[in-house]
Amino acid sequence: MIVYVWFVCGFFLAFIALNATLLVLASFELRRYTARLSSSALRRALRSPLAPPIAVLVPAYNEASGIADSVRSLLALDYPRIDVVVINDGSTDETLPRLIEVFDLRPVPQPTPPFLPHRPVRAVYAPRSRLRLLVIDKENGGKADSLNAGINFATCPLVCSVDADSILEQDALGKTALPFIEDPERTVATGGMVRIANGCQIDHGRVTEAHLPRSSFAMFQVIEYLRAFFGTRAGWTAINALLIVSGAFGMFRRDAVIAVGGYRTDTVGEDMELVVRLHRTCRAARRPYRIVYVADPVCWTEAPESARILRRQRRRWQRGSLETLLFHRGMMLNPRYRGVGLIALPALLLFEIIGPVLELSGYVVTAVGLLLGLISPAAFLLFLALAVLYGLILTLGAAVLEEATANPHPAWSSLGRILIYAVAESFGYRQLGHLWRIEGLWQLVRKSEWGAMERKGLSRPTTSAKPGS
Amino acid sequence: MLQALADVVACLAGLVGLLVLVLIAIRVAALRRATRARRFGPAAAASLGTYLAGSGAGPAPDRPGERPLFQAIAQEALADLRGDDRDRLVALMGQLGFTQDAMLHLKARRTVTRRRAAEMLACLATPVAVPAVTDALADRDVLVRTTCACTLAVTGTDDAVPAIVAVAQRDAPATPGAAASVVLALAQNRPEALAPLLAPGTPAAIRRIAITIAADLRLAQFATLLQAALADTDDVAVNSARGLGMIGEFPAVDALAQVAADDTRSAPARAAAADALGAIGDPASLQVLERLLAAPDWSLQAAAAGALARLGEPGRTALHRTAASGPPEAAALAGAALKP
């Protein structure tokens, strides 16, 4: 019992120290970012011939209802040179016919490049017009497989993966590409902010008015995303140990992705795994590199509003994290991999994998301790207050950083709701999340199928915008 | 123990209260800015529009909070305006004291203030600010000095070129993007100043940037220097080959063919050379490209097939030959290249 209590105390102190440090690092990183970025500087950078062409990769499986709007809005983004590559991953609905009809596509003879392996391509389509669009129709193989096909066919030096049911803000590509323009040799990947679109007004693939979601589950996820993106990712960027670039919106150097072998298709956490592999390869080759989180290019995505779908999503994320850890266990505590090996991966193991188990077991032990009189009610209440207040401080710290960087919800009522949900998440939601994560660990042996996902334009949740780590 | 825990909880509760206050303060400030923008923004934009249309007196942003807003609107407008309208707006900004303010702020202690001033002067691009901008080339902040170097490339005289080049050279290794923007400004306004940066023997970091920009801007006067750069490292050769292709430099065909045929060069360099040969369209490169079509690397085969398709009839004949009897991958690429 004493050993357990000391372990829990140590764990809690480590958690506090790490998150407080990340928050401080994030504040420096975001301050540096906002001091650099001005609209005229951005415009000048994007007008220069140094702005590299970007291939926007859109893997699509049964997206007939929203695919045309998505592609239209992507083609209209503010960036000088964009190719949109849609990868139809063996859809069984009208996704391909809809694209052919709307964009007047015709089959083009295009041999499949051999750089990355993927399921066979059935046909390649291009519009009769001068639109920079390519549609690859391939056999079903999952999202990672589709992205590999897209990377193969892309001819631009940068590739940007975007979920078909996500919405990019008009200047998102430019802002995300800026680190590549500023430091083309070293930057290998960048990721932007993923925000929750539930409750927002959406018109023809554009968010016209940003609102907070009405659903409680979605609101709790707003708090999680806020903490993860502003409190954590910006901090990891400061020490070049960012472990994840969201699958919903991430930009990569194409040659770097090809050099490491593309996305792995045998994991559900392909986005995190790729980023960790990029770290591993660059560090092993002693090549200077940067993987950057950029704070304000926004990708709007639909969050699950039902417990059933949220549970499935969290189980997948947890499995993905653990799979990545297992694949790259050799990096753990290895000084060769600097911040990634010495801090980020151990933190992932400790706080994302072991943390939920420890916290839930803590509830049981505490309850037993209370019943047996081993823990006084006063100590229990104080420890509970400590945990809730610390969680609240992390959320508020992230909210302050968001407020100082780019806040799409300026109404006072929004701030009030965020504060209420930041307190409320400690009483039920967090525990539920931990439970689902533990389920995810148990499920590790099972493999997921892309085809099993339910997607229906922006009315269904996405699965790849993981905010954690 | 309990007392210590209670003290910690009290401290954390205090911190929560403090953070809420900070949050509220930031939000109040943001809302005040938004209110100001709503209140003055449309009027400021309208008066600026009227002034530029020549049918009104110049705007006079003198109420509290109005000046930063007007400056932001004018800065946005300056990015889009050209010709007389631009000159009139620059003159107006001078009359209203914005130019003077920016020149003063270029000496401020806060880096952010100096960066904003440098941005403002870059938008204005007025010769009045040349002395201030020249002084700022020695600024300790990379963004301030490179922004000022860009401005000077537009507004300065030929005497300023060595100082601008020195800034680009200084910042190229650590901040290549910022250095590239300086070289680009130089290339767009004084292309002849690029020559020393392109010459062999120039530090690799800046030379690589200069070659990329000369290629992107298709500066034909530097074709000989680009051709010489083909012998440089492979990543430099990629850009110089691309530039030679875009310029359509016939005399470079032999050198490009040599790179394309050289097994010791990287695939991207050889593929870029093949692309350039296709873009130039000289049938003399037929043999090299046909051989490349049988290379083991797919990207080389694809580049060769694309290039052959652009060589006209001789290239198409070679593609037909490969499509009919070449190895399967090359045949597929040749077949695809033959289709319109």
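In the block above lies the structure referred to throughout.
Residue numbers restart at each chain and count upward from 1, following the sequence in its written direction. The lettering of chains begins at A and the numbering of ligands begins at 1, in the order of writing. Only residues with pLDDT of 70 or above have their local features reported here, since the model is predicted, and side-chain atom pairs are shown and tallied only from 80 upward, although totals for entire chains, interfaces and linings are computed over all residues. Note that the side-chain values use all heavy atoms of the structure and ignore hydrogens as well as water.

J.: Teacher, can you tell me more about the overall build of chain B here?
T.: What counts as a helix is a DSSP run of H or I of at least four residues, what counts as a strand is a run of E of at least two, and both are numbered from the N terminus. The helix and strand inventory of chain B stands at 19 helices and zero strands. A compact globule built from 340 residues would reach a C-alpha radius of gyration of about 20 Å, whereas chain B, at 29 Å, exceeds it by more than 25%. Expressed along its principal axes, the backbone C-alpha trace of chain B runs to roughly 80 × 70 × 40 Å. Buried positions account for 49% of the 340 residues belonging to chain B. The contact definition used throughout considers only heavy atoms, calling two residues in contact when any of these lie within 4.5 Å. Contacts in chain B between residues far apart in sequence, at least 24 positions, make up 61% of those at least 6 positions apart. A radius of gyration in this sense is built from C-alpha atoms; the matching globule rule multiplies 2.2 Å by the number of residues raised to 0.38. Burial status follows relative accessibility: with a 1.4 Å probe on protein chains alone, a residue under 20% of its type maximum counts as buried, one over 50% as exposed, and anything between as partly exposed.

J.: Would you mind showing me how to read the overall build of chain A here?
T.: If you tally the helices and strands in chain A, you get 14 helices and 12 strands. Here the C-alpha radius of gyration of chain A, 22 Å, is about what a compact globule of 469 residues would show, namely 23 Å. Here the C-alpha coordinates of chain A stretch approximately 75 × 50 × 45 Å along the principal axes. For chain A, the residues scored as buried account for 59% of the 469 residues in total. Put simply, of all contacts in chain A between residues at least 6 apart along the chain, 80% involve residues at least 24 apart. We count Lys and Arg on the positive side and Asp and Glu on the negative side, and we leave His and both chain ends out. To locate a charge, take NZ of a lysine, CZ of an arginine, CG of an aspartate or CD of a glutamate. Side-chain charges in chain A split into 52 positive and 40 negative, and the spacing between the mean points of these groups amounts to 5 Å.

J.: In this structure, what is going on with the interface of chain B and chain A? I would like to understand it.
T.: It is common to give the size of an interface as the accessible area that goes away when the parts come together. Counting residues at the interface gives 51 residues for chain B and 49 residues for chain A. Buried area is understood as the total, over both parts, of accessible area removed when two parts are fitted together, assessed with a 1.4 Å probe. Both faces considered, chain B and chain A share a buried interface measuring about 4000 Å² in area, 71% of it formed by carbon and sulfur atoms. On the chain B side of the interface with chain A, the three residues burying the most area are B:Leu23, B:Arg27 and B:Trp298, jointly 19% of the side's total. Counted as salt bridges are all cases of a side-chain nitrogen of Lys or Arg within 4 Å of a carboxyl oxygen of Asp or Glu. Put simply, chain B and chain A have one salt bridge between them. Residue B:Arg27 pairs with A:Glu403 through a salt bridge whose shortest N-O separation is 2.7 Å.

J.: Whenever I open this one, the sheet that holds strand E12 (residues 290-301) of chain A confuses me. Can you help?
T.: Sheets are built from strands that pair by backbone hydrogen bonding, the pairs being arranged parallel or antiparallel. All names here are of chain A. The mixed open sheet is built from 10 strands, whose spatial order is E3-E4-E5-E2-E1-E6-E11-E8-E12-E7. Looking at strand neighbours, the two that pair on one side only are strand E3 (105-107) and strand E7 (167-168), the edges of this open sheet. Strands are labelled as partners when DSSP assigns at least two bridges between them. Bridge count between strand E2 (residues 82-89) and strand E5 (residues 133-138): six bridges; the pairing is parallel. The partner of isoleucine 87 across the bridge, within E5, is isoleucine 136. Angles shown run from 0 to 180 degrees and are taken between the N-to-C directions of axes, each axis being a line fitted to C-alpha atoms and, for helices, limited to the stretch in contact. Docked against the sheet, helix H5 (residues 143-153) engages strand E1 (54-60), E2, strand E4 (121-127), E5 and strand E6 (158-162), running at close to 135 degrees with respect to E5. Lying on the sheet, helix H7 (residues 216-238) is in contact with strand E8 (187-196) and E12; it crosses E8 at an angle near 155 degrees.

J.: What am I meant to see in a nonpolar patch on the surface here?
T.: A residue counts toward a patch only above 30% relative accessible area and without a salt bridge, and it is joined to like-charged neighbours within 9 Å or, for Val, Leu, Ile, Met, Phe, Trp and Tyr, to nonpolar neighbours within 5 Å. Each accessible area is a Shrake-Rupley result for a 1.4 Å probe, and residues are judged covered by the shown protein chains and nothing else. Residues A:Val364, A:Val368, A:Leu371, A:Leu372 and A:Leu374 make up a contiguous nonpolar surface patch of about 560 Å² in total accessible area. Following the sequence through the fold, A:Leu374 ends up in the loop between helix H11 (338-372) and helix H12 (377-405).

J.: Honestly, unusual backbone geometry in this entry has me stumped. Any pointers?
T.: Residues other than glycine predominantly adopt negative phi, and peptide bonds predominantly adopt the trans conformation. Phi is positive for A:Asp104, close to 50 degrees, though the residue is something other than glycine. In this structure, B:Ala125 takes a positive phi of about 45 degrees despite not being glycine. Position of B:Ala125 among the secondary structure elements: in the loop between helix H5 (111-124) and helix H6 (130-135).

J.: For this particular structure, what's the right way to read the nonpolar core?
T.: Buried Ala, Val, Leu, Ile, Met, Phe, Trp, Tyr and Cys residues that are joined via side-chain atoms within 4.5 Å together make up what is termed a nonpolar core. Judged by nonpolar contacts, the single largest core of 109 residues is most densely connected at A:Leu57, A:Phe230, A:Trp236, A:Phe252, A:Leu278 and A:Ile291. In terms of residue count, the dominant contributor to this core is H12(A) (12 residues). Excluding residues within four positions of it along the chain, A:Ile291 makes contact with A:Val188, A:Ala189, A:Thr237, A:Asn240, A:Leu242, A:Val245, A:Val275, A:Leu278 and A:His279. Residues B:Leu52, B:Cys148, B:Ala214 and B:Ala295 belong to the second largest nonpolar core, which totals 103 residues.

J.: How do you make sense of the pairing of E1(A) when you look at a structure like this?
T.: The side chains of a regular strand alternate between both faces of the sheet. Residue and element names in this part refer to chain A. Among the seven residues of E1, seven are classified as buried, and the element is accordingly described as predominantly covered. Side chains Ile54, Val56, Val58 and Ala60 project from E1 onto one buried face, and the interleaved Ala55, Leu57 and Pro59 project onto a second face that is buried too. In this sheet, E2 lies alongside E1 in parallel orientation, the contact comprising seven bridges. Counted as the bridge partner of alanine 55 is aspartate 83 from E2. Call a crossover right-handed when, viewed with both strands pointing away from you, the route from the first strand across the helix to the second goes clockwise. Traced from E1 through helix H3 (residues 67-75) to E2, the parallel crossover comes out right-handed. The sheet contact formed by E1 and E6 spans four bridges and is parallel.

J.: In this structure, what is going on with the packing of aromatic side chains? I would like to understand it.
T.: Aromatic ring pairs: the centre-centre distance and the angle between the two ring planes describe each pair. Pairs were defined over the aromatic rings of Phe, Tyr and Trp, the Trp ring being its six-membered one, requiring ring centres within 6.5 Å. Orientation was assigned from the angle between planes: stacked under 30 degrees, edge-to-face over 60, tilted for the rest. Applying the stated criterion to the full structure yields 13 aromatic pairs over all chains. Geometrically, the ring pair formed by A:Phe15 and A:Phe351 is edge-to-face, given 5.4 Å between the ring centres and 65 degrees between the ring planes. Here A:Phe351 lies in helix H11 and A:Phe15 lies in helix H1 (residues 2-36), a separation of 336 residues in the sequence. Its guanidinium or amino end placed over the ring of A:Phe327, A:Arg264 lies 3.5 Å from that ring's centre, counting from NZ or CZ. By definition, being over a ring means that NZ of Lys or CZ of Arg is both within 6 Å of the ring centre and within 35 degrees of the ring normal. Cation over ring: B:Arg67 sits above B:Phe98, and NZ or CZ is 4.1 Å from the ring centre.

J.: Is there a simple way to think about helix H8 (residues 161-171) of chain B in this case?
T.: An α-helix turns once every 3.6 residues. As a result, residues three or four positions apart point the same way. Residues and elements named next belong to chain B. Those residues of H8 that sit buried are Val161, Ile164, Val165, Val167, Ala168 and Asp171. Along the long axis of H8, the arc covered by the buried residues comes to 155 degrees, so they all point the same way. The secondary structure elements touched by the buried residues of H8 are helix H7 (142-155), helix H9 (176-189), helix H10 (195-198) and helix H11 (204-216). This arc is taken over the directions from the axis of the helix to the C-beta atoms.

J.: What should I look at first to understand the pairing of strand E10 (residues 206-209) of chain A in this one?
T.: Residues and elements named next belong to chain A. Here three bridges tie strand E9 (residues 201-203) to E10, and the two strands are oriented antiparallel to one another. By the bridge assignment for E10, isoleucine 202 is matched with valine 207. Counted between consecutive antiparallel strands, the loop separating E9 from E10 contains two residues, among which histidine 204 sits at a positive phi close to 50 degrees.

J.: How should I be thinking about the packing of H5(B) against H7(B) in this particular structure?
T.: Think of two packed helices as two axes; the pair is described by the angle between the axes and how far apart they sit. Residue and element names in this part refer to chain B. Two elements in contact, H5 and H7, have axes whose closest approach is 9 Å; the angle formed by their N-to-C orientations is 10 degrees. Put simply, H5 runs roughly parallel to H7. Crossing angle aside, the handedness with which H5 passes H7 is left-handed. Each of Thr111, Arg114, Arg115, Ala118, Glu119, Leu121 and Ala122 in H5 lies in contact with H7, whose residues at this interface are Leu143, Val144, Thr147, Cys148 and Thr151. Split by residue class, the contact of H5 with H7 holds six nonpolar, three polar and three charged. Any angle that falls under 35 degrees is termed roughly parallel, while one over 145 is termed roughly antiparallel, one within 65 to 115 roughly perpendicular, and all others oblique. Working rule for handedness: look at the near helix, and if it is turned counterclockwise from the far one by less than a right angle, call the crossing left-handed; if clockwise, right-handed. As a working rule, the residues Ala, Val, Leu, Ile, Met, Phe, Trp, Tyr, Cys and Pro are called nonpolar, Asp, Glu, Lys and Arg charged, and the rest polar, with Gly in that last group.

J.: Even after reading the chapter, I still don't get the pattern of salt bridges, so can you show me in this structure?
T.: Side chains that differ in sign of charge can pair as their charged atoms come close. Enumeration according to the criterion identifies 35 salt bridges over all chains in this entry. A cluster of three or more residues bridged by salt bridges with shared partners is formed by A:Asp89, A:Lys138 and A:Asp145.

J.: Help me understand the side chain of A:Ser215 in this model?
T.: Residues and elements named next belong to chain A. Looking at where serine 215 falls in the secondary structure, it is placed in the loop between E10 and H7. Judged by relative accessible area, serine 215 falls into the buried class, the value being 16%. Counted as a polar contact is a pair of N or O atoms within 3.5 Å, where, for protein atoms, one must be capable of donating a hydrogen and the other of accepting one, and residues adjacent in sequence contribute only when both atoms are in side chains. Here phenylalanine 217 takes part through its backbone nitrogen, which lies 3.3 Å from a polar atom of the side chain of serine 215. A distance of 3.1 Å separates a polar atom in the side chain of serine 215 from the backbone nitrogen of alanine 218.

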